[in-house]
Amino acid sequence: MRPEDIHGKKLIAVAGHDTFGKAFISVVNKEVAKDGLMLIGININEEDFGFFIYNLADSKLEVTIFMPEFQQKSAQFFGIDGYLLMSKKGKNGLEFFTAQEETLIDDRKLLDLVKKI
């Protein structure tokens, strides 16, 4: 990815253990590029999760979508019941999109979440 590819676009992170370069992110990117959005996969290991989530509000990421392995842990960090699917920067801080159970994030679910932005 080149800097000119992301300039002027709203960055959406897909955070999980193994998300960088995944095909389902590329599929959704093709659908949302015209809207000025760009999804990027961010690989996070368990040891770095605390650092990532603690700094989320101050990062350049506008939106973060959590893969199943981090949905419950992210919700707990923010004191939310259930599972955190997505956080989005809003006027008064982070806004949260939750579910009552762990949710698989595939290309269809990813596109559905992105449409809520």
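Residues numbered from 1 in each chain as written. Predicted model: local features only at pLDDT ≥ 70, side-chain atom pairs only at ≥ 80, totals over all residues. Heavy atoms only, no water.

## Quick look at the sheet that holds strand 4 (residues 83-90)
Alright, step 1. Pairing within the open sheet is mixed, and its 5 strands lie in the order 2-1-3-4-5. Single-partner strands in this sheet number two, and they are strand 2 (37-43) and strand 5 (93-99). Averaged over all pairs of adjacent strands, the angle between strand axes in this sheet comes to 20 degrees, irrespective of strand direction.
Alright, step 2. Examined bridge by bridge, strand 1 (residues 10-16) and strand 3 (residues 63-66) share 4 bridges and lie parallel to one another. Considered in strand 3, the bridge of Val14 is made with Ile65. (Pairing = 2+ DSSP bridges. Helix = DSSP H or I, 4+ residues; strand = E, 2+ residues; numbered from the N terminus. Axes fitted to C-alpha atoms, helices over the stretch in contact; angles between N-to-C directions.)

## A closer look at the environment of Gly41
Alright, step 1. Summarising the element assignment, Gly41 is placed in strand 2.
Alright, step 2. Look at Gly41 and you get buried, because its relative accessible area is 14%.
Alright, step 3. Expressed as a C-alpha distance, the spacing of Gly41 and Gly21, which sit 20 residues apart in the sequence, is 6.4 Å.
Alright, step 4. Residues within four places of Gly41 in sequence aside, it is in contact with Val14, Thr19, Phe20 and Ile25. (Buried < 20%, exposed > 50% of the residue type's maximum accessible area, 1.4 Å probe, protein only. Contact = heavy atoms within 4.5 Å.)

## Points about the side chain of Asn29
Alright, step 1. Topologically, Asn29 is positioned in helix 2 (residues 23-32).
Alright, step 2. Take Asn29: its relative accessible area is 17%, and that puts it in the buried class.
Alright, step 3. Contact partners of Asn29, with chain neighbours within four places excluded, come to Leu37, Met38 and Leu39.

## As for the packing of helix 2 against helix 5 (residues 107-114)
Alright, step 1. Contact geometry of helix 2 with helix 5 gives a least axis separation of 9 Å together with a crossing angle of 40 degrees. The orientation of helix 2 relative to helix 5 falls into the category oblique. Relative to helix 5, helix 2 is oriented so that their crossing is right-handed. Note on element contacts: helix 5 touches helix 2 through Asp107, Leu110, Leu111 and Val114, opposite Phe24, Ile25, Val27, Val28, Glu31 and Val32.
Alright, step 2. Of the residues contributing to the contact of helix 2 with helix 5, the split by class is 8 nonpolar, no polar and 2 charged. (Parallel < 35°, antiparallel > 145°, perpendicular 65-115°, else oblique. Left-handed = near helix turned anticlockwise from the far one by under 90°. Nonpolar A, V, L, I, M, F, W, Y, C, P; charged D, E, K, R; others polar.)

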